Amino acid sequence: MTGDITPARSSSPHARWWAPWADRRPRGPQADDSEASAGALLLDGVREYHGSTAPLVRPIMAELAFEQKPEHLFITCVDSRVVPNTITASGPGDLFINRNVGNLVPRYGSRTPDDSVAATVEYAVDVLDIRTITVCGHSNCGAMAALLAGGREVRHLTSLTRWLRHGLPSLTRFLDAEPSGDAPPLTRLCQINVAQQLDNLLTYPWLRERAEAGDLELIGLFLDLETAVVHVLDRSSGAFVPVPDDAPDEASTNAS
């Protein structure tokens, strides 16, 4: 990230709560500096949080300060456009979140060892007793685009290239699948990747046992960035469908 800031976007007063950076202007010593850094804007946001939001969340934060009791493990991408609490209308203490490049779950016994995601899953299930795991992908994912391009653009990034090997099963599944509908290849890969990561979770014997016993629910979500619509994976058909506005329970049933 550079020190330049994006020109303020126009947004209605009603949108202020979900787009706090849209109309933000730095206060204090840098208030008149048109080249104020992104760091200055971030700290200005902290000041705004202290003045407006902190008093509202202080009671729940005080309650959660010494014990967290989340209901869901939410595995999603590091992409800055994906905001888990916004798209799930959740708040402090609701989601136990793992974010990584491409919302990947390394397969059990992978040749490229990585315990970061598995450690999160183990802690969520065995310590926090979470019984729902969601994998949430999104459109225009850079990690999936890199896989489609054969990794050419990121070969100079050693750690990223090694990490993306965990996405190769998704790419293989994409190449083996018959194209359906008119979705572009990148969108189809992004969606297939979600289904593949759910299958990757089931390669862990202890997790598969719990899922097959009905003690653990797996959910796949896909966020279309352009429309801001969240789709849920119907695992019986392998298709993503919009979450019904009037029947969230039914959508959850179809996803299981």
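Residues numbered from 1 in each chain as written. Predicted model: local features only at pLDDT ≥ 70, side-chain atom pairs only at ≥ 80, totals over all residues. Heavy atoms only, no water.

1. Focus: helix H3 (residues 116-127)
- Here H3 spans 16 Å end to end across 12 residues, near enough to the 16 Å set by a 1.5 Å rise per residue.
- Of all the positions in H3, only Val117, Ala118, Thr120, Val121, Ala124 and Val125 are classed as buried. Within H3, the buried residues cover an arc of 160 degrees as seen down the axis, which keeps them to one side.
- Looking one or two residues beyond H3, the residue adopting positive phi is Asp129, at roughly 60 degrees. (Helix = DSSP H or I, 4+ residues; strand = E, 2+ residues; numbered from the N terminus. Expected span 1.5 Å × (residues − 1). Buried < 20%, exposed > 50% of the residue type's maximum accessible area, 1.4 Å probe, protein only. Arc of directions from axis to C-beta.)

2. Looking at the nonpolar core
- Of all hydrophobic cores here, the largest spans 40 residues; its most connected members are Leu73, Ile75, Val121, Ile133, Met144, Leu201 and Leu207.
- Of all the secondary structure elements, the ones that give two or more residues to this core are strand S1 (72-77), H3, strand S3 (132-138), helix H4 (142-148), helix H5 (158-164), helix H6 (168-176), helix H7 (185-201) and strand S4 (217-224).
- The element best represented in this core is H7, accounting for 7 residues.
- Every residue in contact with Met144, bar those within four places of it in the chain, is listed here: Gly102, Leu104, Leu186, Leu189, Cys190 and Asn193.
- In terms of nonpolar packing, the next biggest core, distinct from the first, is built from 9 residues, Val82, Leu95, Leu221 and Val232 among them. (Core = buried A, V, L, I, M, F, W, Y, C linked by side-chain atoms within 4.5 Å. Contact = heavy atoms within 4.5 Å.)

3. What to know about the pairing of S3
- Of all 7 residues in S3, 7 are buried, a share of seventy percent or more.
- The alternating pattern of S3 places Thr132, Thr134, Cys136 and His138 on one face and Ile133, Val135 and Gly137 on the opposite face, and all of these are buried.
- Bridging between S1 and S3 involves 4 bridges; their strand directions are parallel. Opposite Phe74, over in S3, you have Thr134 as the bridge partner. (Pairing = 2+ DSSP bridges.)

4. A look at the packing of H3 against helix H8 (residues 205-212)
- Running from N to C, H3 and H8 point in directions that differ by 45 degrees, and their axes come no closer than 11 Å. Viewed along their axes, H3 and H8 adopt a mutual orientation that is oblique. Once H3 is placed against H8, the crossing between them reads as left-handed. Between H3 and H8, the contacting residues are Val121, Glu122, Val125 and Asp126 on the first element and Trp206, Leu207 and Arg210 on the second.
- Broken down by class, the residue content of the contact of H3 with H8 amounts to 4 nonpolar, no polar and 3 charged. (Axes fitted to C-alpha atoms, helices over the stretch in contact; angles between N-to-C directions. Parallel < 35°, antiparallel > 145°, perpendicular 65-115°, else oblique. Left-handed = near helix turned anticlockwise from the far one by under 90°. Nonpolar A, V, L, I, M, F, W, Y, C, P; charged D, E, K, R; others polar.)

5. Observations regarding the sheet that holds S1
- Judged by pairing direction, the sheet is mixed, and its 6 strands sit side by side in the order S2-S1-S3-S4-S5-S6 without closing on themselves. Only two strands of the sheet have a single neighbouring strand rather than two, namely strand S2 (95-100) and strand S6 (239-242). Within this sheet the neighbouring strands show an average axis-to-axis angle of 30 degrees, counted without direction.
- As defined by bridge partners, S4 adjoins strand S5 (residues 229-234) across 4 bridges and the pair is classed as antiparallel. Residue pairing for S5: Asp224 is matched across the bridge by Val229.
- Set on the sheet, H3 makes contact with S1, S2 and S3; between it and S2 the angle comes to about 175 degrees.

6. Quick look at the confidence of the model for the chain
- Here the chain averages 86 in pLDDT, and 82% of its residues register 70 or above.
- For the stretch residues 1-13, pLDDT sits under 50, and the model shows 17 contacts to residues farther than four places along the chain or on other chains.
- Scored below 50 in pLDDT, residues 250-256 shows 14 contacts in the model against residues more than four places distant or in partner chains. (pLDDT = per-residue confidence, 0-100.)

7. Describing the packing of H6 against H7
- Orientation of H6 relative to H7, taken along the N-to-C sense of each, is 120 degrees, at an axis distance of 8 Å. As summarised for this structure, H6 and H7 are arranged oblique, according to the angle between their axes. Read as a crossing pair, H6 and H7 show a hand that is right-handed. Together, Pro169, Ser170, Leu171, Arg173 and Phe174 of H6 and Pro185, Arg188, Leu189, Ile192, Asn193, Ala195, Gln196, Gln197 and Asp199 of H7 make up the contact between the two elements.
- In terms of residue class, the contact of H6 with H7 is built from 7 nonpolar, 4 polar and 3 charged.

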